[in-house]
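# Remarks on the overall topology
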Amino acid sequence: MFRVPRDVLIGFLLVCAAGWFLMETRVLRFADQGFYDAQIGWLRARSPTPLAQDVIVIGIDEAAFVAIPEPTALWHARLGTLFGGLSAAEPAVVGLALPLPVRSYDFLVKDIDAALISGIYRLKLTAPLVVGQPPGIRGRLRPLAPELLAAIGEKDLASLAICEDTDGAVRRINQRRCRSDDKRDPLALAMARHLGRQGSPSGMIDYSVGGAIEYTPFLTVMDWIHRGDEERLRKLVKGRAVVVASLLPTEPRHRLPVQLAGWDPGSRTEPAAVVHIQALRSLLARGLIERAPESLSLALAALGALFWFGRGGWLKGLLLLLALGALLGLSTYALWQGDYLRVANIVMVMLLAYGARVAWDFIRHFRQRRMLRAMFAGHVSPRVMRALLGGDLRIEESGRAEEVTLLAVGIRGFAARAAKATPQAMIGLLNRFHAVAGLAIQNSGGAVDKYVGDGLTATFGLPQPLAAPQRNALEAAQDLLLRIERLNGELAAEGIEPLQVGIGISSGGVLAGYVGSRQRREFSVIGDAVGIARQLQAMSRDHSHPVLCTQAVAAAVGYGGGLVELAAPAADAPRIWGWTPPPAPREGVA
């Protein structure tokens, strides 16, 4: 039965808890907003949602402001004429994104209110009229002149307030925190209701709907009305939603996720009326974008947390990239279908789980390396240790054939010496001998294979390859003899008989790997070359040369450096070579 280690399970639970905490605190709100902007911009550029009937915008622009002499607060007659002309053209609904006066101006211009009120009544006979008012003071909308309010009706008043997100961009039209005390619906929602479309109080504007927003100038429409060109006006607005909006440069402007105003390309901000127009477009298409169920976000985040399991590697990294790509594709498709998925939280959980596991594995690996160094530093050579920690030596490996140079060294006459000394003295002497021998071998690139009583065997070219392992072995023999000479000087000063050693070197194929039981294993080399090196070491006592080697070793170094061919012990025995190394410079001895 598969069991999860306790520390792995605890780590997974900690990752889940950290992800839950970050999701609840909404620290990634700005990242979520950035993902939304990028996705909605991509959809708008590559797969915009068409509208069967786009919103018609009649814009009061700078040209109208210059051409009409009186201030906009006294445009009663002109607006009345516009409403009267629109009534004959039969629009589906008319929205006014232009603040109307807060008081009557009859005291200034006699019967000025009557012209506007008459136009309002005429329009309402054929189409609903929704009048938007900007926010005023103390959390209430700007008031409306009582005479105008009576003609319009309380139920057809709406809000022109714009509520920005925390990063300053506008993505919603109806956030709770920006609703006035009047509790008026935004202009877009009020107009959509007259068309039988309902909007969510928390839905997001779908900026992928429609193309660039264009407008028909106010002066152009007024010219059609004055000339009695009802057919042109009817062709423009019949059966469609119409917004009469102020597009003057002095109007408040807001930053949107995408650019909408076709008449102002390159601008980073848009007039407030554009936000209401796009919100109305969204409602006339698929509706406002609703937030996906929280359970779906939690489920995807939980799946992302599974990246905690499994060791790191290129395959897991590739899987993470594929999962991130799939998540972004899924969330973009959901956005196209009208559902908003908070991507940043899920991405954060996935990266948190993956990164935490990488960090945890690194710390655990580092601790294991330290533990291995502490456990085996005194048992294996530094080269074997590096190969073990680097993964070149694997305990489960069944073995492999290698070409290796072997060096065997032993103390001559050790048994007779041991019979005359105490065990403590002999162990101390052996440790001093092995210390200098091991240092000479390691400094020449070799690795001590094993200690055998009064001697040891070493490998050159394994576990790490060497360019010329035979040469390294001969250099190690030379260095070893020099160190023994120095050690003998120390022993003489202590009144101890000096040491004499013999060295055998062979080269050939061996089987390398871990041998032993599951309880205890040892890296070793097996083969004829190992036995030959030991035989040569034993034969060195019968020759005047302290170093004996095979012909393969001698040939590898070109038979140079003072190597002498010796008589074979038997006719069918392999040829052997003797060597008395020249004294090495003492400055290089540690």
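Heads up: the structure comes first, above all this text.
Scoring rules and cut-offs
- Residues numbered from 1 in each chain as written.
- Predicted model: local features only at pLDDT ≥ 70, side-chain atom pairs only at ≥ 80, totals over all residues.
- Heavy atoms only, no water.
- Helix = DSSP H or I, 4+ residues; strand = E, 2+ residues; numbered from the N terminus.
- Buried < 20%, exposed > 50% of the residue type's maximum accessible area, 1.4 Å probe, protein only.
- Contact = heavy atoms within 4.5 Å.
- Areas by Shrake-Rupley, 256 points an atom, 1.4 Å probe, with all protein chains shown as cover.
- Pairing = 2+ DSSP bridges.
- Axes fitted to C-alpha atoms, helices over the stretch in contact; angles between N-to-C directions.
- Core = buried A, V, L, I, M, F, W, Y, C linked by side-chain atoms within 4.5 Å.
- Parallel < 35°, antiparallel > 145°, perpendicular 65-115°, else oblique.
- Left-handed = near helix turned anticlockwise from the far one by under 90°.
- Nonpolar A, V, L, I, M, F, W, Y, C, P; charged D, E, K, R; others polar.

### Looking at the overall build of the protein
Summing up its helical and strand segments, the protein has 19 helices and 18 strands in all. Relative to its full complement of 590 residues, the protein shows a buried share of 47%. Put simply, 76% of the contacts in the protein that link residues at least 6 apart link residues at least 24 apart. Working note: accessible area of the protein is about 29,400 Å², and carbon and sulfur atoms make up 58% of it.

### Things to note about the sheet that holds strand 2 (residues 93–97)
Within the open sheet, the six strands sit side by side as 4-3-2-6-1-5. Their pairing is parallel. If you trace the sheet from one side to the other, it starts and ends with strand 4 (157–159) and strand 5 (216–217), each paired once. Of the pairings in the sheet, the one linking strand 1 (residues 56–60) to strand 6 (residues 241–246) comprises five bridges and is parallel in character. Note on strand 6: the bridge partner recorded for Val 57 is Val 243. Against the sheet, helix 10 (residues 272–284) touches strand 1, strand 2, strand 4 and strand 6, its axis set at about 170° to strand 6.

### Examining the nonpolar core
Within the largest apolar cluster, 42 residues are counted, with the highest numbers of intra-cluster contacts made by Tyr 36, Met 191, Tyr 207, Val 243 and Leu 280. Looking at this core, the elements with two or more residues in it are helix 2 (29–46), strand 2, helix 7 (187–194), strand 6 and helix 10. No other element matches helix 10, which puts eight residues into this core. Sequence-distant contacts of Tyr 36, defined by excluding residues within four places in its chain, comprise Arg 171, Met 204, Ile 205, Tyr 207, Pro 257, Ile 289, Leu 335 and Tyr 340. Formed by 38 residues, the second largest nonpolar core is a distinct cluster that contains Ala 127, Val 131, Leu 157 and Trp 224.

### Considerations on unusual backbone geometry
The phi dihedral of Glu 90 falls on the positive side, at around 60°, and the residue is not glycine. One can find Glu 90 in the loop between helix 4 (76–89) and strand 2. The backbone phi angle of Tyr 559 is positive, close to 55°, even though this residue is not glycine. If you trace the backbone, Tyr 559 turns up in the loop between helix 19 (551–556) and strand 17 (564–566). With a relative accessible area of 36%, Tyr 559 lands in the partly exposed category.

### Digging into the environment of Gly 11
Mapped onto the fold, Gly 11 is located in helix 1 (residues 6–25). What makes Gly 11 buried here is its relative accessible area of 10%. C-alpha separation for the pair Gly 11 and Phe 309, spaced 298 residues apart in sequence, amounts to 9.4 Å.

### Description of the pairing of strand 6
Of all six residues in strand 6, six are buried, a share of seventy percent or more. Every second residue of strand 6 is oriented toward a common face, with Ala 241, Val 243 and Ala 245 on one face and Val 242, Val 244 and Ser 246 on the other, all of them buried. Here strand 2 runs beside strand 6; their pairing, made up of five bridges, is parallel. For Val 93, the partnering residue across the bridge sits in strand 6 and is Ala 241.

### Observations regarding the packing of helix 2 against helix 12 (residues 314–336)
Taken N-terminus to C-terminus, the directions of helix 2 and helix 12 make an angle of 65°; their axes are 10 Å apart at the nearest point. In terms of their interaxial angle, helix 2 and helix 12 are classed as roughly perpendicular. Of the two elements, helix 2 crosses helix 12, and the hand of that crossing is right-handed. On the side of helix 2, the interface is formed by Phe 35, Tyr 36, Gln 39, Ile 40, Trp 42 and Leu 43, while helix 12 contributes Leu 328, Ser 331, Thr 332, Leu 335 and Trp 336. In terms of residue class, the contact of helix 2 with helix 12 is built from eight nonpolar, three polar and no charged.

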